[in-house]
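Examining the three-dimensional arrangement
Letter by letter, the chains look like this.
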Protein chains: 2
Amino acid sequence: MVAKILPDRGGPIEGMGEFDLIDRIRRITGPSSALMGIGDDAAVIDLGGPEVLLATVDMQVQNVHFGIEQYAPADLGRRAVAVNLSDIAAMGGTPRHVLVSLALPPDIPATWVEELYQGMATEAGDWDADIIGGNISRIQGPICVDVIILGSVPPGEVVPRSGGRPGDLLAVTGSLGNAAALRSAVEHALDLDDLASPEWIASAASVHPRVREGRVLARLHLAHAMLDLSDGLAGDLQHLCRASGLGAEIDARRLPIDDQVWSIAAALGLDALDLAISGGEDYELLIALGSQDAEAACEALASVGLHVIGRLEPAAHGITLLDWTGRRHSMPPSGWTHF
Amino acid sequence: MVAKILPDRGGPIEGMGEFDLIDRIRRITGPSSALMGIGDDAAVIDLGGPEVLLATVDMQVQNVHFGIEQYAPADLGRRAVAVNLSDIAAMGGTPRHVLVSLALPPDIPATWVEELYQGMATEAGDWDADIIGGNISRIQGPICVDVIILGSVPPGEVVPRSGGRPGDLLAVTGSLGNAAALRSAVEHALDLDDLASPEWIASAASVHPRVREGRVLARLHLAHAMLDLSDGLAGDLQHLCRASGLGAEIDARRLPIDDQVWSIAAALGLDALDLAISGGEDYELLIALGSQDAEAACEALASVGLHVIGRLEPAAHGITLLDWTGRRHSMPPSGWTHF
């Protein structure tokens, strides 16, 4: 969605910042008929039914988001759907229907397209959603896989980015930095045999949309604000703070980081904190919780784990990080590496 | 939508036919939860509200569907939205909301993006729809403009492709071959000064989605089946016949063809009938009407014109064309040129 208008690995349009471009587009599109539109994980539309409609779209572009050698087509298909499911999860919604728009070079084998669809249908089916339509265009250039997901949520249970309150605890599902660590290991041709199990590697290579977790938090009214971590904690926290008009403090010592991320970072001479904060592609949920709700939320999400990593502060506080020694740094959206 | 899975100017995937690929994908995606899914102009979804939801998506790819020099960005934006509005119109629906997914090379000027959005917002606004979200991805390659439109229609008024009945009259809105004639003139650098007015040229260069006309026919229950002409009459008629399980006969002498198309065809040594039948990009509606309803339908659509051009026949008849002399030819989906 436009909130992620220029993804972590995409460069700016002629030097423009992400928010600048969103704001320019928002000025052009004018006030929206959607309950929530440009700037959240999904648009929220009231069509007069029992639930409000959620709509989100995200494109995977060859050589920007994926390499043709990097994924089997079925895995790419799963991924292209999963990153959109993650956006529906971040609104507290249930995914319902998938549309697929492909741009394909004419020499792509038909079996590749079939396997891509197979992966997309499997990922959608895992969440009781299905592919209901789409389009295929020819392109002389990279493969583009654009996925649209329609979901729904009871109107009182929508969780926006903007609902955070000062004093709310910030929590994340799962653990951070796995995708970034694996990506770094592959880029540096690091031998992972002694560092990570095949199961951990397979998990780090996949997107696990937190659909059940987002839904539970929404249904129990435990989340004031929520978004999914696609760009990396540093960047996405900025989105939540900006939408909620607040600042935040993150405590590095409380970040959930797998042992394998520490090991890979050490082997590569990287900073594990950097991988966890600005690596991106975690697709975990970042949640603002009332402080009295944290225990209930952690209990409800015990199976994947929910970790309190900081708190929302008044805007004047800015966005800060307590490092390993408890020293406070300001945290730019580009993350730790750019301190 | 997938019904137009490989558009007129896009080649096949490694020698596969359009229907073959649709059928393969349909086998993979399985039975759909949508009331109508893959294979119609838009997917139809019942979310329990007063109207059913329509969803359609279509991508414009640089150097396949447009050249960067061919359109001002605002005109391209209008067009990208209009071709999707045409799909909503073909279902009898009202467009409501637009999502936009862009893939942009990093060196594209921000003003180009703004003007594109301006055009999209203007076209959507002309039909009381609005842009509610989207996404921008980076691409090292051609610009891709993917537009998703959500619309709605009362459940009893959805007009599918499959509703045609033997003996139904076939009618089209407006006139045919204008876009193809203009495209041919530009390709051959034909001087149009004496052949067509600036107004006709501007009109032929634009897409005029027949939203009002589709809606009127649906509301009055005058259309048994309907689709929009994007690939050209010959190809799209095949879609309607296939969906309805019928054949058809078109009478060349009844096709609405503007004088300008005749003039341009004559100047270029082309066949005007070919432009009208297989030129494509007309974005007029092709409608199957009960024979008793034709007069009412023509009256209701007097402002843009509705012309009866043939009738639906039993499947065994095949799809045929009566030429200028009344001689009957079989008509392949590739159109007149390939007789």
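Residues numbered from 1 in each chain as written. Chains lettered and ligands numbered in written order. Predicted model: local features only at pLDDT ≥ 70, side-chain atom pairs only at ≥ 80, totals over all residues.

**Considerations on the overall build of chain A**
For the record, the criterion: Strands are runs of DSSP state E lasting at least two residues, helices are runs of H or I lasting at least four, and both sets are numbered from the N terminus onward. Only C-alpha atoms enter the radius of gyration, while the globule expectation follows 2.2 Å times N to the 0.38, with N the number of residues. Here a residue counts as buried when 20 or more other C-beta atoms fall within 10 Å of its C-beta, as exposed when 12 or fewer do, and as partly exposed in between; the C-beta atoms come from the backbone.
Helix and strand content of chain A: ten helices and twelve strands. Radius of gyration (C-alpha) of chain A: 19 Å, near the 20 Å computed for a compact globule of 339 residues. Taken along its principal axes, the extent of the C-alpha atoms in chain A is 55 × 55 × 45 Å. The proportion of buried residues among the 339 residues of chain A is 58%.

**Structural notes on unusual backbone geometry**
Excluding glycine, residues mostly have negative phi values, and the peptide bonds linking residues are mostly trans. Its identity is not glycine, yet A:His221 carries a phi of approximately 55 degrees, on the positive side. Its location among the elements puts A:His221 in the loop between α6 (211-219) and β7 (223-228).

**Section: the packing of helix α4 (residues 178-187) of chain B against helix α8 (residues 259-268) of chain B**
Residue and element names in this part refer to chain B. Which entries qualify depends on this criterion: Every axis corresponds to a line fitted to the C-alpha atoms, with the helix fit spanning only the stretch in contact, and the corresponding angles, defined between N-to-C directions, vary from 0 to 180 degrees. Crossing handedness is read from the near helix: turned anticlockwise from the far helix by less than a right angle, it gives a left-handed crossing, and turned clockwise, a right-handed one. C-beta atoms are first placed from the backbone for all residues, and any pair lying within 7 Å is then listed as a contact. As a working rule, the residues Ala, Val, Leu, Ile, Met, Phe, Trp, Tyr, Cys and Pro are called nonpolar, Asp, Glu, Lys and Arg charged, and the rest polar, with Gly in that last group.
Here α4 crosses α8 at 35 degrees, and the two axes come no closer than 9 Å. Crossing hand, α4 versus α8: left-handed. Counted together, Asn 178, Ala 181, Ser 184 and Ala 185 of α4 and Gln 260, Val 261, Ile 264, Ala 265 and Leu 268 of α8 form the full contact between these two elements. Here the contact of α4 with α8 is composed, by residue class, of six nonpolar, three polar and no charged.

**A closer look at the nonpolar core**
Where we set the bar: Any nonpolar core is a set of buried residues, restricted to Ala, Val, Leu, Ile, Met, Phe, Trp, Tyr and Cys, that join up through C-beta atoms within 7 Å.
In terms of nonpolar packing, the biggest core is built from 212 residues, with A:Val98, A:Leu286, B:Val98 and B:Leu286 touching the most fellow members. If we skip the residues at most four places from it in the chain, A:Val98 touches A:Val81, A:Met120, A:Ala124, A:Ala129, A:Asp130, A:Ile131, A:Ile132, A:Val147, A:Ile148 and A:Ile149.

**Section: the sheet that holds strand β11 (residues 319-322) of chain B**
All names here are of chain B. Selection criterion: Being paired, for any two strands, means DSSP has found at least two bridges between them.
Strands sit in the order β7-β9-β6-β10-β8-β11-β12 across an open sheet of seven strands; the sheet is mixed. Only two strands of the sheet have a single partner each, and these edge strands are β7 (223-228) and β12 (328-330). Averaged over all pairs of adjacent strands, the angle between strand axes in this sheet comes to 25 degrees, irrespective of strand direction. As paired strands, strand β6 (residues 169-173) and strand β9 (residues 285-289) are joined by four bridges and run antiparallel to one another. By the bridge assignment, Val 172 is partnered in β9 with Leu 286. Helix-sheet contacts for helix α2 (residues 73-90) involve β7 and β9, and the interaxial angle to β7 is about 170 degrees.

**Things to note about the pairing of strand β3 (residues 94-104) of chain A**
All names here are of chain A. Most of β3 sits out of view: eleven of its eleven residues are buried. As defined by bridge partners, β3 adjoins strand β5 (residues 144-153) across nine bridges and the pair is classed as antiparallel. Residue pairing for β5: Pro 95 is matched across the bridge by Gly 151. Sheet analysis places β3 next to strand β4 (residues 130-138), joined by eight bridges and oriented parallel. Residue pairing for β4: Ser 101 is matched across the bridge by Asn 135.

**Some details on the sheet that holds strand β5 (residues 144-153) of chain B**
Residue and element names in this part refer to chain B. With respect to topology, five strands assemble into an open sheet ordered β1-β2-β5-β3-β4, the strand pairing being mixed. Sheet topology places β1 (43-45) and β4 (130-138) at the edges, where each strand pairs with a single neighbour. Going across the sheet, the axis of each strand differs from the next one's by a mean of 20 degrees, ignoring polarity. Sheet strands in contact with α2 are β2 (52-61), β3 (94-104) and β5, and its direction is about 140 degrees off that of β2.

**Here's the deal with helix α4 (residues 178-187) of chain A**
Residue and element names in this part refer to chain A. Along α4, seven of the ten residues are buried, which leaves the element largely enclosed by surrounding structure. Every buried residue belonging to α4 is among Asn 178, Ala 179, Ala 180, Ala 181, Leu 182, Ser 184 and Ala 185, and all of these are buried. Looking at the buried residues of α4, the elements they touch are α5 (198-204), α8 (259-268) and α9 (272-278). Positioned one or two residues after α4, Ala 189 has a phi angle of 50 degrees, which is positive.

**Some details on the domain arrangement of chain A**
Residue and element names in this part refer to chain A. Quick note on the threshold: Each domain's extent is set by a domain assignment, obtained either automatically or from a database.
Each domain of chain A was delimited in the assignment, giving domain 1 (2-157) and domain 2 (169-338). For domain 1 and domain 2, the distance between their C-alpha centres works out to 22 Å. Each side of the interface is counted separately: domain 1 has 21 residues, and domain 2 has 22 residues. When contributions to the side of domain 1 that touches domain 2 are tallied by element, the ones reaching two or more residues are α2 (73-90) and β3. Considering each element in turn, the side of domain 1 that touches domain 2 owes the most residues, nine residues, to α2. Classifying every residue of the side of domain 1 that touches domain 2 gives eleven nonpolar, four polar and six charged.

**Brief notes about the packing of α2(B) against helix α3 (residues 110-126) of chain B**
Residues and elements named next belong to chain B. Convention followed: These descriptions rest on fixed angle ranges, namely under 35 degrees for roughly parallel, over 145 for roughly antiparallel, 65 to 115 for roughly perpendicular, and the rest for oblique.
One way to put it is that α2 packs onto α3 with a least axis distance of 7 Å and a crossing angle of 45 degrees. Of the possible angle classes, the one that applies to α2 and α3 is oblique. Handedness of the crossing formed by α2 with α3: right-handed. Counting all contacts with α2, which are made through Pro 73, Ala 74, Asp 75, Leu 76, Gly 77, Arg 78, Ala 80, Val 81 and Ala 82, the residues of α3 involved are Trp 112, Glu 115, Leu 116, Tyr 117, Gln 118, Gly 119, Met 120, Thr 122, Glu 123 and Ala 124. Of the residues that constitute the contact of α2 with α3, the class distribution is eleven nonpolar, four polar and four charged.

**A closer look at the environment of B:Ser152**
Here B:Ser152 lies in strand β5. Considered as a pair, B:Ser152 and B:Ala55 are 97 residues apart in the sequence and their alpha carbons are 8.5 Å apart. In this view, B:Ser152 contacts A:Leu47, B:Glu51, B:Val52, B:Leu53, B:Leu54, B:Gly93, B:Thr94 and B:Arg96; residues no more than four positions away in its chain are not counted.

**Overview of the confidence of the model for chain A**
How we decide: Known as pLDDT, the predictor's confidence for each residue is given on a scale from 0 to 100.
For chain A, mean pLDDT is 90; residues scoring 70 or higher make up 90% of the total. Confidence metrics for the complex model read pTM 0.91 and ipTM 0.90.

**Some remarks on the environment of A:Val186**
All names here are of chain A. Of note, Val 186 is situated in helix α4. You can call Val 186 partly exposed: it has 13 C-beta atoms within 10 Å. Expressed as a C-alpha distance, the spacing of Val 186 and Leu 289, which sit 103 residues apart in the sequence, is 36 Å.

**Structural notes on the pairing of strand β10 (residues 306-314) of chain B**
All names here are of chain B. The pairing of β6 with β10 spans five bridges and is classified as antiparallel. By the bridge assignment for β10, Ala 171 is matched with Val 308. In the sheet, strand β8 (residues 246-251) pairs with β10 via five bridges, with the strands oriented antiparallel. The residue of β10 that forms the bridge with Gly 247 is Glu 313.

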